[in-house]
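# Overview (structure and organization)
Now for the letters of each chain:
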Amino acid sequence: MVDSDKKQFRKRDFLYVIPLWLLSLIVPDADDLYSFRSKEFKRRELFYLGALLFVPLIWRDPHFHHLMVLAGIYAILALGLSLFLGYAGQISLGHAAFFGIGAYTTAILTTRYGFPPFLAFLISPFVAAVAAYLIGRPILKLKGYFLAIATLGFGEIFQVIVRESTVLTGGVIGIFDIPFFSIGGFSFDTYLKQYYLTWGVLLGLFLYSKNLVRSKMGRAFLAVAASEEAASTIGINVARTKLGVFVIGAAFAGFAGSLFASIMSIANPEAFSLNLSILIVIMVILGGMGNLYGPIFISILLTWLIDILGKYQAWSLPIYGVILILLLIFFPDGIGTRLGIRLIYLISYWSKKKRRDEGKV
Amino acid sequence: MSLLRVEEITKVYDGLRALDRFSLNVEKGIIKGLIGPNGAGKSTLFHLISGIEKPDSGKIYFKDKEITALESHEISALGIGRTFQTVQTLSNMTVIENIMAGMHLRLKGNLLSSGLRLPWTARAEKGALKEAKEILDLLGLLGRWKSPASQLPLGKQKLLELGRALAMKPELILLDEPASGLTSAEGDQLKERIHQFKRDGMTFCIVEHQMGMVMEIADQVAVLDNGRLIAEGPPTVVERDAQVMDAYLKRKRSDA
Amino acid sequence: MDSWTYLPQLLASGITVGAIYALVALGFVTITRASQIINFAQGEFVMLGGVLTFFLLKDLTPSYLLAASMAIGIVVMVGFLMYLSVIYPLRKAPMLIPLIATLGASIFLSNTSGFLFGTLPKALPPFSGQQPFQIFGVSLLPQSLWVLGATFLLLVLLYLLSHRTLLGKAMEASSTDPLGADLVGISRNRMVFLAFGVSAGTGAIAGILITPIFFTSYNSGTILGLKGFIAAVLGGWGKNTGAILGGFALGILEALSVAFIPAGYKDGVAFAILLLILYFRPKGILGSPFVDSRRW
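Because the structure is a prediction, the values reported are computed rather than measured.

Below, the discussion takes up the overall build of chain B. Helix and strand counts for chain B stand at 10 helices and 10 strands. Relative to a compact globule of 256 residues, whose C-alpha radius of gyration would be 18 Å, chain B shows 19 Å and is just as compact. Projected onto its principal axes, the C-alpha positions of chain B cover 70 × 40 × 35 Å. Of all intrachain contacts in chain B linking residues separated by at least 6 positions in sequence, the fraction that spans at least 24 positions is 65%. Working note: accessible area of chain B is about 11,300 Å², and carbon and sulfur atoms make up 50% of it.

Next comes the structure, spelled out in structure tokens:
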């Protein structure tokens, strides 16, 4: 009797274990990032790069491409915020505003003033960065949840201003017919081309972020998150560091916004709401603080999730709220963190539970 | 040569005089001990010197330059490093990164050049890694260079904090209760290492409220009680000072 | 200037809305004092109060009082459930996580309400007549008086609860010194649980009071919650009296601002006030007992 029970117990466990194990193969553990130049790590990166390059060519479903384009935009947003939140430990609940600034800058420059999209693409993050600089200087003096609320307030004010300035931004309706992104006549008008554009930009920004994180600046960010007092005693200008990360995060959002405008062809205030800011924060948290890969994976995952839920139109948002809460409860450190260890805990917990239950019978 | 000079510093917290017209002088190349019963104002002094707080009155000079009003990071840039009473290792990084973080001021790179990994920043990183390993080796922490700093036991974390301060290559290091929480073996190791660094030209100012450790390594000792300087001199002299004993035992002079 | 003649009228409506902000702010402060968490779903409690009462009144019972009481009861249950399913499991996580989780709960509650009860704004019949009456040239709805009266009553009740009953004192103790309260046997978890119930109930009552004047729809909770939070910060974060003062202050300032800037920007006024307060006097008007030197 004992043997057959054991067999049953093992079979069921596989159901839980296999997907988690597969996931842990793909998503890197944050702990890996501590190792300098570990070979295994480089192999994984090549795998990711290969997948990014070739999967869309193999799987030619335009809906898939469309989703991945969106995921790419979210990934850029999450990457920028991840430097501010995941590394420097500061919270911003108004990040969508910089996304909006980027989008509207591109929209206005291309539709009203006939700027070539490529130029608008370069200017938009700059505008977002300037806005972040101006807003950041007073706001970043606040700590903890006061900073969170102040950024939230800023995000809301941005939305109100955009909605009301009908002349500049087209008010609630927004701006239409934004031309597709193009360089020298080559226009990115299909989802596939847009995919490579978006993920190309993401890759560039990702490399920048990776270099930054593995340098004295990255350590400065982490130091500010760990202990502002200690950071100031090793010569780190805490205020300037926070401002710097904030501006960079905003610039990334500006890039994302510009791409969004060039791809969606429209820009309206509803796209840059508090809900988006919250979504980006959740992506960073679930992706793992102190982790650049995690947020990118999560943005892909959540984009797919939202798409799947979209089929159950009415139920989608409530379920979305529930799933977020559940994910936060089970993965407060983020999905990308210590997945291997978590796996072991889960297995041992379940097997102990099984044994306890069986013991009672 | 006077490296650090504190003149008539007063700091009041909500009516409590943490420091009362306190003055101190630290010569270059010595180990200055700072002792006194709990609450005497020793840590407050360090906070004021390192710029984390500002005095209500008085001035602080470092190498004859006034630093009273400077920001904490500016003071560190001038060459003052410190450790904390409650160890503040950068727990979100590895051991080696903690040391490398200490080198922040000495490395080249800013948001742009580091992000683009320009050749001189890449070189700086490699050099920093090598030097950090050397510092860890000196402190006996090299074996765990890749571990997360939070996983170290307390004694090693304190050493790590010392290493982080050393990585700055400062001229003066303020150690705030370095021996508390250490076993006697670890305490001995620490004493040895401080001696070593002093021989290399570092000046130390050590706050301790346990007399034992400080008395053994300090060249000069200053005693605080209730924010005031009550004795100063070589350890052997201060040890026997009646006022000092009273302060520690909280005896009233009239009872003696 | 023409706008000046409208001021007393604006003032009156501002005080009415201010009372609601005060109640919402009080809900925030109650939970934050007990648990250091900002409950972003607070506005949803208000929304649910109004929407549930409408639903019950329409489909279950013609008695206004019964429908209202049941709605309040249900919302209190929702508050308790929220604590048990969201806050309690995350009690050990760094404070950012429960905060985000309450945002998730807010999304869940508002959208579920939209799904179950429809997205159209709901109105409730006013407690006593429809006709506004005139006092000193200002036209007031009788409902406004109900709002003010009920708010006042509720504040008195809450005051009595926290100062005169053992339970209330226990909650106060737990919020001032959680460790100390724990050591004398007051379970922090239980206090937070109750705080959620009290906040939910307060919010629900606010919702029932305000729906006859301003319609309530499934997403009015979000903005109301944010404004209630701003009111709490304005008046003095962490203080009950601050929440009340801030609520009225915000209501009045917001209403008066319409005289000077285009009406569409009205919502922005609250956030502008927030930024100004955070920058110039983060402790709020009355000052805050929380000195937030911790990172979170």
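Here we come to the confidence of the model for chain B. Confidence in the prediction of chain B, expressed as mean pLDDT, is 85, and 95% of residues score 70 or more. Predicted confidence for residues 252-256 of chain B stays below pLDDT 50, and this span has 2 contacts to residues more than four positions away or in other chains.

This paragraph deals with helix α3 (residues 95-102) of chain B. Counted residue by residue, α3 of chain B has 8 buried out of 8 residues, so it is predominantly covered. Looking at α3 of chain B, one finds that the buried residues are Val 95, Ile 96, Glu 97, Asn 98, Ile 99, Met 100, Ala 101 and Gly 102 of chain B. Along its buried surface, α3 of chain B packs onto α9 (216-226) of chain A together with α5 (119-139) and α6 (154-167) of chain B.

Here we take up the interface of chain B and chain A. Taken together, the contact pairs 38 residues of chain B with 29 residues of chain A. Counting the contacts that link chain B with chain A gives 1 salt bridge. For Arg 219 of chain A, the salt bridge is made with Glu 125 of chain B, and the minimal N-O distance between the two is 2.9 Å. The tally of links from chain B across to chain A stands at 12 residue pairs in polar contact (both at pLDDT 80 or more). Of all the secondary structure elements, the ones that give two or more residues to the side of chain B that touches chain A are α2 (72-78), β6 (80-82), α3, α4 (111-115) and α5 of chain B.

All right, on to a positive patch on the surface then. On the surface, Lys 108, Arg 117, Arg 123 and Lys 126 of chain B cluster together into a patch of positive charge. When you line up the elements, Arg 123 of chain B lands in helix α5.

Moving on, we get to the environment of Phe 62 of chain B. All names here are of chain B. Relative to the helices and strands, Phe 62 resides in strand β4 (residues 57-62). The sequence separation of Phe 62 and Ser 23 amounts to 39 residues, and the corresponding C-alpha distance is 13 Å. Discounting residues that sit within four places of it in the chain, Phe 62 has contacts with Leu 3, Leu 4, Ile 67, Leu 78, Gly 79, Ile 80, Glu 171 and Leu 172.

Reading the values: rules and limits
- Residues numbered from 1 in each chain as written.
- Chains lettered and ligands numbered in written order.
- Predicted model: local features only at pLDDT ≥ 70, side-chain atom pairs only at ≥ 80, totals over all residues.
- Heavy atoms only, no water.
- Helix = DSSP H or I, 4+ residues; strand = E, 2+ residues; numbered from the N terminus.
- Rg over C-alpha atoms; globule rule 2.2 N^0.38 Å.
- Contact = heavy atoms within 4.5 Å.
- Areas by Shrake-Rupley, 256 points an atom, 1.4 Å probe, with all protein chains shown as cover.
- pLDDT = per-residue confidence, 0-100.
- Buried < 20%, exposed > 50% of the residue type's maximum accessible area, 1.4 Å probe, protein only.
- Salt bridge = Lys/Arg side-chain N within 4 Å of Asp/Glu carboxyl O.
- Polar contact = N/O pair within 3.5 Å; in protein donor to acceptor, adjacent residues only side chain to side chain.
- Patch = residues over 30% accessible without salt bridge, like charges linked within 9 Å, V, L, I, M, F, W, Y side chains within 5 Å.
- Lys, Arg positive; Asp, Glu negative; His and termini not counted.
- Charge placed at Lys NZ, Arg CZ, Asp CG, Glu CD.

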